[in-house]
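For reference, the chains in residue letters:
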Amino acid sequence: ADFDIKTYQESGDTLHGFEHEVEAMITLDGKPFAAKKSYHEVYKKKRGSATEAFDGHTTDHSLDGVPVKEKQYKDAIAEICDERTFRLLTDLRYFNEVMSWQERRELLLAVCGDASDADVIASDSELSELPDILEGRSPDDHKAVVMAARKKINEELKEIPARIDETSRSLPETDASRESVETALTKLREAAQVKHQERARLTDGGQAAKKRRQLSEAKAELQMIESKARASGDEVVRVAQKAIDDLIYRIDTLTRDIQQRESTIGNHQASIQRLNGDMGKLREKWQATNAENFADGTETTCAACGQDLPTERVQEARDKALAAFNRDKAERLERIDAEGKEAKRRISELALGNEGLRKEIQELEAERDPLAEKRDNSPVVTAVNITFPPEFTAKEAAVKALEAEIAQLDAGNADALAEVDAQIADLKGQIQEQEAALGRIEQHERGQQRIQELGAQEKALAAQYERLESELYLIDQFTRAKVSMLTEKINGRFKTARFRLFNVQINGGIEPCCVALMDNKPYPALSTGERIRISMDILCTLSEHYDMAWPVFLDHAESLTGDIEAPGQLIRLIAAPGVKELKVEKKSTLREAANV
């Protein structure tokens, strides 16, 4: 695709009007087979011009002299050999320089056979535990799982010392024991309970207690009367507000319906405008199509032999071409006419729809506008005056009278209550101190327990890490065993070529690769002659695998100092000093000239 096949003049410009051809004459299973492609320029007369103008390039195909379509040509070639296999068996550079290492490795395993995991495990007794470890996974998949788990464990192990140190630093200082603090706290709470009972006797005894019960009952009745009065006023506000909210909701709903229909009308108008534009383009297209005339391009000579075709065949071909042109033109005019009618029908449909929508908008506005006026004139009710019943005033006076009587009774034992309250406050302070001390002890104990848990977790993670390291070691051992088995199996299929299928990393890990070697040197480091020899060795093995031998073009053959074995026909391209014209010699002549 990137090769410029056209011939250049001395001026540097390409020659025009010439056909550039390539043809292969092949013997296939004892039978001759010819494949040919011809690349040439195309010239056509444009409307209104009497001369032909350049209109691009085209490629003609033929098989055994018979013109065929490009697809027929490719299908026929593919039946003999697909393109990838053909390049593998004809292009010495394709395997080592064009294919990726993944493709080379996949091809070698397909040609030479892979080594099963079971065979690899059976080859080394140290790997006997591996099937139970893998649990049905492949070694590579399990290694990925182990690496992820090991990374996570390692991150957790790094965090634990810092968490232990943080917990240790946050431990509160405490001198007392839990037992002594709990004993003191029990005694203080018992003493406080005694003082509370003493205070209750002072406040609840005799006439004062009776008055307090009466006061509590009077306050409850007063609150009930007040709640009923307020609830009645709130209901009036709620009913009035609901009526306004319902009105607003209905107005908003009608407004949205109007806006939706107005938006639809706008969309319809845009569609009508677009369809009118389309109809204008269709009219122009119909006129242009109707004005087209038949251009006679019938060939009068045979493309194969160059002789003039019979007059009746030329006329028959011309009549068919004219009929096809008229049929195609009529079909296109019919399609354009149908598209125009559909656009016109759609415009009428959209216009009729807009009329209905405008009528609906008028109806919706007729309903909405009176509601909006009613909303604007409706008063806003946020509160109403609450009217309390006569019993509320009487009960309020009774509450005040009881409070006055209780205050007078309490004045008699005020000093005793003050002393008890002071004792209760002192005991409460001591209790709070002891509870704080107990809290520090509990926090210290929880911290110590957390430190122990973190230590145990660190040991468990370390054990898991060691187990994962052991599994990684077994998987690496498996990989090394498989490397050895595969390398020996693949290298045995070649005479000079050897392959490195894995790279050993600095950390001891193994990663897959595929590099051809010759005398322990990788392909990129080989000389031109060495590359030719190792590539030909690979090509011979692949030809044997695919059971087919194609001619091989050996470029830079002058780089070889001796003969070379090929699976089939070998075409050696040799650059000789002073030779400017292409010279073809058979193998016998080459042997004598090279004295090999």
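Rules used in this analysis
Residues numbered from 1 in each chain as written. Predicted model: local features only at pLDDT ≥ 70, side-chain atom pairs only at ≥ 80, totals over all residues. Heavy atoms only, no water. Salt bridge = Lys/Arg side-chain N within 4 Å of Asp/Glu carboxyl O. Helix = DSSP H or I, 4+ residues; strand = E, 2+ residues; numbered from the N terminus. Buried < 20%, exposed > 50% of the residue type's maximum accessible area, 1.4 Å probe, protein only. Core = buried A, V, L, I, M, F, W, Y, C linked by side-chain atoms within 4.5 Å. Contact = heavy atoms within 4.5 Å. Pairing = 2+ DSSP bridges. Axes fitted to C-alpha atoms, helices over the stretch in contact; angles between N-to-C directions. pLDDT = per-residue confidence, 0-100.

Talk me through the pattern of salt bridges; I want residue IDs and the actual numbers.
Within the structure shown, the criterion is met by 33 salt bridges. Among the salt bridges present, the one from Lys71 reaches Asp75, with a minimum N-O distance of 2.9 Å. You can see Lys71 and its partner Asp75 sitting in helix H1 (residues 70-80), four residues apart, about one turn around the helix. Since its relative accessible area comes to 59%, Lys71 is described here as exposed. Between Arg274 and Asp278 there is a salt bridge; the shortest N-O distance is 3.4 Å. Linking Arg274 with Asp278, this pair stays in helix H9 (residues 206-290), spanning four residues, or about one helical turn. With relative accessibility at 27%, the residue Asp278 sits in the partly exposed group.

Before we move on, can you summarise the nonpolar core with the specific residues and values?
Core analysis: the biggest nonpolar cluster contains 39 residues, and Phe95, Phe499 and Ile538 have the highest contact counts within it. Every residue in contact with Ile538, bar those within four places of it in the chain, is listed here: Phe95, Asn96, Phe494, Ala497, Phe499 and Ala516. Counting eleven residues, the second largest nonpolar core, distinct from the first, contains Val146, Ile164, Leu171 and Leu472.

So what's going on with the sheet that holds strand E3 (residues 52-63)? Residues and values would help.
In space, the four strands of this open sheet follow the order E1-E2-E3-E4, with antiparallel pairing throughout. Each of the sheet's edge strands pairs with one partner strand only, and the pair in question is strand E1 (20-28) and strand E4 (66-68). Recorded for the sheet is a direction-independent mean angle of 30° between the axes of neighbouring strands. Here E1 pairs with strand E2 (residues 31-45) via nine bridges, running antiparallel. Directly across from His20, in E2, lies its bridge partner Tyr39.

Please give an account of the confidence of the model for the protein chain that cites residues and values.
Residue-level pLDDT values for the protein chain average 84, and 92% of them are 70 or greater. Between the elements of the protein chain, mean pLDDT differs from a low of 46, seen in helix H14 (residues 587-594), to a high of 95, seen in E4. Segment residues 589-596 is flagged for pLDDT under 50; beyond a separation of four residues in sequence, or across chains, it makes six contacts in the model.

Any chance you could break down the environment of Tyr523 for me, citing the residues and the numbers?
Note that Tyr523 resides in the loop between strand E7 (521-522) and helix H13 (528-546). Distance from Tyr523 to Arg572, taken between C-alpha atoms, is 22 Å for residues 49 residues apart in sequence. Sequence-distant contacts of Tyr523, that is, excluding residues within four places in its chain, are made with Asn96, Glu97, Val515, Ala516, Arg531, Ile534 and Ser535.

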